[in-house]
Amino acid sequence: SERTLVLVKPDGVRRGVVGEVISRIERKGLKLVALELRTLPRETAEAHYEEHASKPFFGELVDFITGGPLVAMVVEGPRAIEAFRALAGATDPVKATPGTVRGDFALEIGENIVHGSDSTDSAAREIKLFFPELG
Ligand code: GTP
Ligand code: MG
């Protein structure tokens, strides 16, 4: 079994699809290990997205992710990282397959509703950043 960090980003909270995302996670058979609504401090957002620090959209990305409350959760299950990214769909919501969260609920790449860790290394790093108490 494996753990992944999932975020319902501020656009997802504003759009009222938190329940929908959690429902899809649960229907898939994945398990919630931790869950919290919070507004990210800038430093946490910059650390979370450190791999994108040199990208032209980094400032916009940090403004967006800190711009309202988000829901952070740790999700567990067999191949949870890949399983959640399959539920999320492609980064660009216009290319994301209908039936995925992004394919069903989003249109813009900068407002794509959810985040899911992309590797075991990033999952470990992100879970530690958001939920240090989980060890
Ligand atoms: P996350 O799960 O959020 O990490 O998405 P991802 O792994 O599918 O994509 P990636 O890590 O490559 O990019 C992180 C986030 O940056 C994306 O989810 C987008 O919201 C945002 N992003 C990526 N490319 C662009 C872009 O060209 N413009 C803007 N404004 N945002 C972008
Ligand atoms: Mg990513």
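Because the structure is predicted, anything quoted here is derived from the model rather than measured. (Residues numbered from 1 in each chain as written. Chains lettered and ligands numbered in written order. Predicted model: local features only at pLDDT ≥ 70, side-chain atom pairs only at ≥ 80, totals over all residues.)

1. Some remarks on the overall build of the protein chain
Tallying secondary structure elements over the protein chain gives seven helices and four strands in all. Secondary structure of the protein chain in N-to-C order comes out as β-α-α-β-α-α-β-α-α-β-α. In terms of overall dimensions, the protein chain is globule-like: its C-alpha atoms have a radius of gyration of 14 Å, near the 14 Å expected for 135 residues. Taken over the C-alpha atoms alone, the protein chain extends approximately 35 × 35 × 25 Å along its principal axes. Looking at the 135 residues of the protein chain, the share that counts as buried comes to 35%. Taking all contacts inside the protein chain whose residues are at least 6 apart in sequence as the whole, residues at least 24 apart take part in 70%. (Helix = DSSP H or I, 4+ residues; strand = E, 2+ residues; numbered from the N terminus. Rg over C-alpha atoms; globule rule 2.2 N^0.38 Å. Buried ≥ 20, exposed ≤ 12 C-beta atoms within 10 Å, placed from the backbone. Contact = placed C-beta atoms within 7 Å.)

2. Points about the sheet that holds strand β1 (residues 2–8)
Overall, antiparallel pairing links the four strands, which are arranged β2-β3-β1-β4 in an open sheet. Since the sheet does not close on itself, it has two edges, and those belong to β2 (31–38) and β4 (114–116), each with one partner. Taking each pair of neighbouring strands and ignoring which way they run, the sheet shows an average axis angle of 15°. Sheet topology places β2 next to strand β3 (residues 70–77); seven bridges connect them, and they run antiparallel. Bridging from a neighbouring strand, Glu 36 pairs with Ala 72 of β3. (Pairing = 2+ DSSP bridges. Axes fitted to C-alpha atoms, helices over the stretch in contact; angles between N-to-C directions.)

3. Quick notes on the UniProt feature "binding site: ATP" (unreviewed entry) in the protein chain
Here, UniProt's "binding site: ATP" (unreviewed entry) annotation points to Lys 9, Phe 57, Arg 85, Thr 91, Arg 102 and Asn 112. The class for Arg 85 is buried, based on 20 C-beta atoms found within 10 Å. In contact with Arg 85, other than residues within four places in its own chain, are Gly 116 and Asp 118. Assignment of secondary structure puts Asn 112 in the loop between α6 (101–105) and β4. Residue Asn 112 is classed as buried on the basis of its C-beta count, with 22 C-beta atoms lying within 10 Å. (UniProt positions renumbered as here; feature names shortened; annotations may be inferred.)

4. Section: the environment of Ser 117
By secondary structure assignment, the location of Ser 117 is in the loop between β4 and α7 (120–130). A count of 24 C-beta atoms within 10 Å places Ser 117 in the buried class. Linking Ser 117 and Gly 29, residues 88 residues apart in sequence, is a C-alpha distance of 18 Å.

5. What to know about the UniProt feature "domain: Nucleoside diphosphate kinase-like" (unreviewed entry) in the protein chain
Following the UniProt record, the feature "domain: Nucleoside diphosphate kinase-like" (unreviewed entry) maps to residues 1–135 here. Helix makes up 42% of residues 1–135 and strand 19%, and the two end C-alpha atoms of the span are 16 Å apart.

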